[in-house]
Amino acid sequence: MIIGSNTPEQHPVIALKIKEAKRRGAKIIVANPRKIGLCSIADVWLRQTPGTDVPLILGLCKVILDEGLVDEKFIEERCENFDAFRDSLAEVSLEDAAEITGVEAELMIEAARIYAQNDPSSIVYSMGITQHSHGTENILALANLAMMTGNLGKLSSGINPLRGQNNVQGACDMGALPNVFPGYQAVTNDDLRMKFEASWGGELPKKPGLTLLEIFGAIEEGEIDCMYIIGENPVISDPDAAHVAEALEKVGFLVVQEIFLSETAALADVVLPATSFAEKDGTFTNTERRVQRVRKLLDPPGDSMPDWMILSEMGRRMGRPDQFTYSDPSEIMVEISSLTPSYGGISYERIDKVGLQWPCPTPDHPGTRYLHRDGFTRGKGLFSVLAYRPSAELPDEEYPFILTTGRVLCHFHTGTMTRKVSGLNLLRDEELVEINPADGMALGIEDGELVEVTSRRGTVTARARLTERSSPGVAFMTFHFAETPTNVLTNPALDPVAKIPELKVCAVNLSRADGD
């Protein structure tokens, strides 16, 4: 079951594996508002309205419960709070779910039977599920679906997030989050914090820090006056991007560490030139938790240096020459292994040829192919009682369309790298707004005409592409093109738990551009 993921364009290698599985007889369910490449081989395509994933998933759960397709043994032995969840499904009706989601009840029934009756079943998802003001609830709903059918803790099952960039998993593993040290060890845990303090020789924060969008709010409030950005281009990638740029102009001192002069780096007081993947040694941790070696192929241009060298030099100049004494990335991996239990058995020697999947706690551990075989981290899996909570911004008379955003195959993220490749620009050199042909006809917009897209936060102009890939009432744009900054439009409303912004749903108005 692929939900919230345009896998062929965002994770094409994994999409090839899905296609191979289909050829071997696997059943495919796609849940996506857009007509993606995998829809052509799907046994069922659930085309939900953007932002209605919870009622869609609860509809599947309702069918599985009513038809007796639950894994009672798994629930009894490994889960808790199922009774409350089961009782909550009494309030769910397929008719209501169909009205909210736009998906026919018969399709939900078919999809639920396929998922529950083909053991094992696997869920694959990406940011189409998480980038919502109710993204946490979307994931909890998927967890309910997987637990009630026993599709966790065994090969080829589970809830599998496809990471948005090649080393997002590794960055999170190393503590690039505001509430944890490396290995997801909580800063609020005194014993864990004292372990890092003893190793690093200093007092560490006892409270979680701020997420990215919270930082920009703190800048506006005058609470933050210095910012250091590494490998991120929030002027293009973050919602309500005009507000982000204003905040960065306001901050007292801005440092950006980048491989190119991005739109964000152009605002910096100091730019520290870093190296690309091909110009440094180290490791990446991929979407299946596999820690793999990266080896230097080219000498860095100019004065650029690998990130670890820049950060070490910064640490020494800020008064800690005793701590930042590394001469090679392998020494950093030794420190990682000593402080991070899930990486405890990983060394450069062991991953010289083939990477290892964490948890790998000891030098003789083979790595972990899949998680939760013997139990969950919290003990028993917790069923969550959920209800539909609409997106923070819905279409109305003034802004009658839903805008959702994503990527295309030939460009990546904010285009900092791919827009510099002439061959890729031949494939796509400008932003397009994908509109359903019926909407184009109603608005008097023809394919290729310039269209103004306006939200409560701003306006951008792009050429129309009339296509059945977008459902009626829904427009789609990417955020690859700085000259058409789509995220000027998007909504900075946050998920209250994960603090992820609602990039996938905002209300917009579409009109022909003046003079076109």
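Residues numbered from 1 in each chain as written. Predicted model: local features only at pLDDT ≥ 70, side-chain atom pairs only at ≥ 80, totals over all residues. Heavy atoms only, no water.

1. Some points on the overall build of the chain
Inclusion rule: Only runs of H or I of at least four residues qualify as helices and only runs of E of at least two qualify as strands under DSSP, and these elements are numbered from the N terminus. As defined in this context, the radius of gyration uses C-alpha atoms, and a globule is described by 2.2 Å times the residue total to the power 0.38. Throughout, exposure labels follow a simple rule: accessible area from a 1.4 Å probe, protein chains only, divided by the maximum for the residue type, with under 20% read as buried, over 50% as exposed, and the rest as partly exposed. Should any heavy atoms of two residues lie within 4.5 Å, those residues are considered in contact. Under the convention used here, a 1.4 Å probe and the Shrake-Rupley method define accessible areas, while residue burial counts only the protein chains that appear. In this count, Lys and Arg are taken as positive residues and Asp and Glu as negative ones, while His and the chain termini are left out. All charge positions are set by atom: Lys at NZ, Arg at CZ, Asp at CG, Glu at CD.
The helix and strand tally for the chain stands at 18 helices and 23 strands. Computed over C-alpha atoms, the radius of gyration of the chain comes to 24 Å, within 12% of the 24 Å expected from 2.2 N^0.38 for 516 residues, which places it in the range of a compact globule. Out of the 516 residues in the chain, the part that is buried amounts to 49%. Within the chain, contacts between residues at least 6 apart in sequence are counted, and of these 67% link residues at least 24 apart. Just so you have it, the chain exposes about 24000 Å², and 54% of that area is on carbon and sulfur atoms. Averaged over its 49 positive side-chain charges, the chain has a centre that lies 7 Å from the centre of its 74 negative ones.

2. Regarding the packing of helix H3 (residues 53–66) against helix H7 (residues 105–117)
For clarity, the threshold we go by: Between N-to-C directions, angles span 0 to 180 degrees; the directions come from axes that are lines fitted to C-alpha atoms, helices contributing only their stretch in contact. Orientation is classified from the angle alone, with under 35 degrees giving roughly parallel, over 145 giving roughly antiparallel, 65 to 115 giving roughly perpendicular, and any other angle giving oblique. Each crossing is labelled by how the near helix is turned from the far one, with a counterclockwise turn of less than a right angle marking it left-handed and a clockwise turn marking it right-handed. The classification used treats Ala, Val, Leu, Ile, Met, Phe, Trp, Tyr, Cys and Pro as nonpolar, Asp, Glu, Lys and Arg as charged, and all other residues, Gly among them, as polar.
Contact geometry for H3 and H7: axes closest at 9 Å, N-to-C directions at 65 degrees. The orientation of H3 with respect to H7, classified from their angle, is roughly perpendicular. In this structure, the crossing between H3 and H7 has a hand that is right-handed. For the pair H3 and H7, the contacting residues are Leu56, Gly59, Leu60, Val63 and Ile64 in the first and Met108, Ile109, Ala111, Ala112, Tyr115 and Ala116 in the second. Within the contact of H3 with H7, the residues separate by chemical class into 10 nonpolar, one polar and no charged.

3. Digging into the environment of Pro178
Tracing the backbone through its elements, the reader meets Pro178 in the loop between helix H10 (168–173) and strand S7 (180–181). C-alpha of Pro178 to C-alpha of Thr211: the two residues are 33 residues apart in sequence and 6.2 Å apart in space. In this view, Pro178 contacts Pro208, Gly209, Leu210 and Thr211; residues no more than four positions away in its chain are not counted.

4. Details of the pairing of strand S16 (residues 401–406)
Quick note on the threshold: Here, any two strands with at least 2 DSSP bridges between them count as paired.
Burial analysis of S16 places six of its six residues in the buried class, which makes it a mostly covered element. Here S16 shows two buried faces, one formed by Phe401, Leu403 and Thr405 and the other by Ile402, Thr404 and Gly406. When S16 meets strand S20 (residues 474–478), the two strands line up parallel, connected through five bridges. Of the residues in S20, the one forming a bridge with Gly406 is Thr478.

5. With respect to the sheet that holds strand S1 (residues 2–3)
In space, the five strands of this open sheet follow the order S3-S2-S1-S5-S6, with parallel pairing throughout. With partners counted over all chains shown, the strands left at the sheet margins are strand S3 (44–46) and strand S6 (159–161), one partner each. With two bridges joining them, S1 and strand S2 (residues 29–31) adopt parallel strand pairing. Directly across from Ile2, in S2, lies its bridge partner Val30. Sitting on the sheet, helix H9 (residues 135–148) is in contact with S1, strand S5 (123–125) and S6, with an inclination near 165 degrees to S5.

6. Description of the nonpolar core
Note the following rule: The definition of a nonpolar core used throughout is a set of buried Ala, Val, Leu, Ile, Met, Phe, Trp, Tyr and Cys residues joined through side-chain atoms within 4.5 Å.
Core analysis: the biggest nonpolar cluster contains 48 residues, and Ile3, Ile64, Leu145 and Met148 have the highest contact counts within it. Looking at this core, the element that brings in the most residues is H3, giving eight residues. In contact with Leu145, other than residues within four places in its own chain, are Met1, Ile57, Leu60, Cys61, Ile64, Tyr115 and Ile123. One finds Leu403, Ala475, Val488 and Leu489 within the second-largest nonpolar core, a separate group that totals 18 residues.

7. Quick look at unusual backbone geometry
Here the residue pair Asp119 and Pro120 is connected by a cis peptide bond, since its omega of 0 degrees sits within 30 degrees of zero. On the secondary structure map, Pro120 appears in the loop between H7 and S5. For the bond running from Trp358 to Pro359, omega is 0 degrees, close enough to zero to count as cis. The residue Pro359 is located in the loop between strand S14 (356–357) and strand S15 (381–382) in this model. Of note in this structure, His372 is not a glycine but carries a positive phi near 65 degrees. Judged by relative accessible area, which is 29%, His372 ranks as partly exposed. At Lys499, a residue that is not glycine, the phi angle is positive and equals roughly 65 degrees. Position of Lys499 among the secondary structure elements: in the loop between strand S21 (491–494) and strand S22 (501–502).

8. Describing the packing of aromatic side chains
Convention followed: Each aromatic pair joins two rings of Phe, Tyr and Trp (for Trp, the six-membered one) with centres within 6.5 Å, and gets the label stacked for planes under 30 degrees apart, edge-to-face for over 60, and tilted for any other angle.
Evaluation of the coordinates by the stated rule reveals seven aromatic pairs. Pairing Phe82 with Phe85 gives two aromatic rings, centres 6.3 Å apart and planes at 55 degrees, and the pair type is tilted. With Phe82 and Phe85 both in helix H5 (residues 82–88), this residue pair falls three residues apart, about one helical turn. As far as the burial class goes, Phe82 and Phe85 line up, both buried. Relative to Phe383, the ring of Phe85 has its centre 5.3 Å away and its plane inclined at 20 degrees; by these criteria the two rings are stacked.

9. Focus: the pairing of strand S18 (residues 450–454)
Relative to strand S19 (residues 459–466), S18 is paired through five bridges, and the arrangement is antiparallel. Considered in S19, the bridge of Val451 is made with Ala462. Pairing geometry for S18 and strand S23 (residues 506–512), over four bridges, is antiparallel. From the neighbouring strand, Val453 faces S23, where its bridge partner is Leu510.

10. Concerning the sheet that holds strand S11 (residues 270–273)
Read from one edge of the open sheet, three strands run S9-S10-S11, paired in parallel fashion. Looking at which strands have only one partner, the edges of the open sheet turn out to be strand S9 (226–230) and S11. Across the sheet, the mean angle from the axis of one strand to that of its neighbour is 15 degrees, orientation sign disregarded. The pairing of S9 with strand S10 (residues 253–258) spans five bridges and is classified as parallel. Its bridge partner being in S10, Tyr228 is matched across the sheet by Val255.

11. Side note on helix H15 (residues 307–317)
Note: α-helices contain 3.6 residues per turn, so residues at a spacing of three or four share the same orientation. Those residues of H15 that fall on the buried side of the exposure criterion are Trp308, Ile310, Ser312 and Gly315. For H15, the elements touching its buried residues are S9, S10, S11 and helix H16 (329–339). Looking one or two residues past H15, Gly319 carries a phi angle of roughly 105 degrees, positive in sign.

Scope: geometric values only; no functional claims are made or implied.
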